[in-house]
Amino acid sequence: VIKNQDTLMKVVPAEGTIFAETWYRSTVEMPLYYKESFLTGRKKTVLQLSFLNQRCNLFDFTPFKNAKEQNTNLIHHALLPLKLDRSVQQEQRIIEEIYTREEAVIKALELSSQKLEKHLGVNDEIISQKTLKITEKERTIIVEVFFKVKEDITATQSIDIEKLEKPKEQ
């Protein structure tokens with residue numbers, strides 16, 4: 001807004017990008033023992049013969065290494081320990097990792113950076129990171145990290161010319 005004394009002379013739009021150094025603090029907990037299981041989506045139906053405590057899949061030439069089963073009893077003999085089940089099996093993948101203290105700290109630092117980057121814009125970047133504190137609690141490593149970020153803080157603002165032309169009331 002260009003004014004001569006109190007008279008509005010001209011309104012000129014301005015364009016630009018404003019970057020600021022912003023600070024963030026992140027706390028990440030990383031277990032020393034990590035186990036996760038999830039279903040892959042592969043599924044099949046198998047006949048299962050059970051005798052005493054032994055189970056045998058019939059006509060299953062490519063068994064899943066790990067599977068979640070849902071059994072339906074087809075035949076069960078009251079006197080003999082013999083039964084035939086229809087088993088719907090879903091393939092299950094299990095991820096199991098054991099970390100040393102140093103590996104857990106490195107993984108926690110990676111996770112904290114990834115967590116922050118999800119919230120940053122396209123032009124934003126992490127300038128530096130510093131580990132503030134590492135705490136070990138039972139089977140978990142807690143890592144506090146400080147980040148300096150170059151962040152785009154540009155904001156657009158519309159100018160209402162009518163409001164600018166009205167004299168101020170006293």
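Being a predicted model, the structure only gives us computed values, none of them experimental.

Draft legend 1. How the structure looks around the confidence of the model for the protein chain. Per-residue pLDDT for the protein chain averages 88, and the proportion of residues at 70 or more is 94%. When mean pLDDT is taken per element in the protein chain, strand β9 (residues 140-152) scores highest with 95 and helix α2 (residues 161-165) scores lowest with 63.

Draft legend 2. Broad picture of the side chain of E91. Following the sequence through the fold, E91 ends up in strand β7 (residues 82-98). A distance of 2.9 Å separates a polar atom in the side chain of E91 from a polar atom in the side chain of T40. What E91 contacts, discounting residues up to four positions off in sequence, is F38, L39, T40, R42, F64 and N66.

Draft legend 3. Main features of the pattern of salt bridges. Applying the stated criterion across every chain yields a total of six salt bridges. A salt bridge links R25 to E144; the shortest N-O distance between them is 3.5 Å. Of this pair, R25 sits in strand β3 (residues 19-31) while E144 is found in strand β9, placing the two residues 119 residues apart along the sequence. Note that E69 is salt-bridged to R55, the shortest N-O span being 3.4 Å. Here the residue E69 occupies a position in strand β6 (residues 67-76), and R55 occupies one in strand β5 (residues 54-58), the gap between them amounting to 14 residues.

Draft legend 4. Looking closely at the packing of aromatic side chains. Summed over all chains, the structure comprises one aromatic pair. The ring of F64 is capped by K44, whose NZ or CZ atom sits 4.4 Å from the centre of that ring. Between the NZ or CZ atom of K150 and the centre of the ring of F19, over which it lies, the distance is 4.7 Å.

Draft legend 5. Local environment of the nonpolar core. Membership of the largest hydrophobic core comes to 15 residues, with the highest contact counts inside it found for A104, I141 and V143. Listing elements by their share of this core, those giving two or more residues are β3, α1 (101-119) and β9.

Draft legend 6. The arrangement of unusual backbone geometry in detail. For Q5, which is not a glycine, the phi torsion comes out positive at approximately 60°. As for its position among the elements, Q5 is in the loop between β1 (2-4) and β2 (7-10). For F59, which is not glycine, the phi dihedral falls at a positive 60°. Take F59: it is sitting in the loop between β5 and β6. F59 sits in the exposed class, given a relative accessible area of 69%.

Cut-offs and rules
Residues numbered from 1 in each chain as written. Predicted model: local features only at pLDDT ≥ 70, side-chain atom pairs only at ≥ 80, totals over all residues. Heavy atoms only, no water. pLDDT = per-residue confidence, 0-100. Helix = DSSP H or I, 4+ residues; strand = E, 2+ residues; numbered from the N terminus. Polar contact = N/O pair within 3.5 Å; in protein donor to acceptor, adjacent residues only side chain to side chain. Contact = heavy atoms within 4.5 Å. Salt bridge = Lys/Arg side-chain N within 4 Å of Asp/Glu carboxyl O. Phe/Tyr/Trp six-rings, centres within 6.5 Å; stacked < 30°, edge-to-face > 60°. Lys NZ or Arg CZ within 6 Å of the ring centre and 35° of its normal. Core = buried A, V, L, I, M, F, W, Y, C linked by side-chain atoms within 4.5 Å. Buried < 20%, exposed > 50% of the residue type's maximum accessible area, 1.4 Å probe, protein only.

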